[in-house]
Amino acid sequence: MKISSVIFLVVGLVISITGYIVCGVAESMAKSAGGYDLLFEYNYDEEGNIVKEYEFSKDTIIETDAEGNEVKKHAVRKVSLTFTDMDILVVGGADRSRVVFQNMSEGSYYYHISNNVLYVTNHFTLPNFLQSEGLSFDGMRKYLNTSKYDGKKQVILYVEDADELKQYDFKLNNCRIELENINGAYDMRLEAKSSTVTMKNCSTESTLRLTLDKCKTVLDTVDYIETLIKGSGGELTYNDTAIPYLFRYDIRSEGGSLNLNGVDQSSAIFQANLSGSDYHSLSLDMTGTKLTVYCNG
């Protein structure tokens, strides 16, 4: 290594150590003076969690309708969440559409809008880092201090029923996700591995697609025109008995088990084709999965 390179390396190391020491001294002084939280600019919710939120319903664009009138529309039409090792809560019927990062330190999450899509992730890549709207540099203290983020880490997505979201796209690995009261005219696609997936009281006049790998999944009163579920391993419980529609069913389980309305099905294949136009469809194609299905028919 050249002498000049060694000199630059040493200088950089000295500057980093000095900065760390200065941050530590400032933290101690802030604690003794009662201004610790002011030093780090924390925002707390009612339960004492450190939170940062981004309200995406405020972002709008102007479009022209069929009559030539200018109409203000929400800029975000699709939400894409990609996470590993994270708790995620998606709640409909909110007063404002927003994403909340709970007890997550600066630089541990990234989000940005591109082509009407809101991307949210905790996967570090150079493009995610450079495009993220959530990053700010207010000093090294935010990046060096992680001790305050010791509560439950969670990403919470709040959505208005009247929002113009057309698609939800989730890609999850070793996560726990709960979706509640999601209504509107949207498609939803969820791919999950080694995760826990819970959906309750979600509906739309469109399609739900789930791809599950060794997941524990509960779908309770999930009302879609078309529900397509494929996967392997794990457990899946599906209950549509509270939905006042007739269904077309195609349920297949290979190498697993099927309990249908409290009765074990030895054939592991169940099909019910209902005539008429007022029906929704459910397709389950699982391998090595413990299936429990409660359905109308």
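Note that the coordinates shown come from a computational prediction; the quantities given were computed from them, not determined experimentally. (Residues numbered from 1 in each chain as written. Predicted model: local features only at pLDDT ≥ 70, side-chain atom pairs only at ≥ 80, totals over all residues. Heavy atoms only, no water.)

Novice: Could you clarify how one ought to interpret the pattern of salt bridges in this entry?
Specialist: Pairs can form between side chains of opposite charge once their charged atoms are near each other. Applying the stated criterion across every chain, the model contains eleven salt bridges. Residue Asp95 pairs with Arg98 through a salt bridge whose shortest N-O separation is 3.2 Å. On the basis of relative accessible area, Asp95 is assigned to the exposed category, the value being 58%. Here Lys214 makes a salt bridge to Asp213, at a shortest N to O gap of 3.3 Å. With relative accessibility at 54%, the residue Lys214 sits in the exposed group. Among the residues examined, Asp213 registers a relative accessible area of 23% and is labelled partly exposed. One salt-bridge network, held together by shared partners, links Glu53, Glu55, Asp95, Arg96 and Arg98. (Salt bridge = Lys/Arg side-chain N within 4 Å of Asp/Glu carboxyl O. Buried < 20%, exposed > 50% of the residue type's maximum accessible area, 1.4 Å probe, protein only.)

Novice: Can you help me understand unusual backbone geometry in this one?
Specialist: The bulk of non-glycine residues show a negative phi, and the bulk of peptide bonds are trans. Of note in the backbone geometry, Ser194 takes a positive phi value of approximately 50° without being a glycine. The topology assignment puts Ser194 in the loop between β12 (187–193) and β13 (196–213). Exposure remark for Ser194: the relative accessible area of 34% places this residue in the partly exposed category. Of note in the backbone geometry, Thr221 takes a positive phi value of approximately 55° without being a glycine. (Helix = DSSP H or I, 4+ residues; strand = E, 2+ residues; numbered from the N terminus.)

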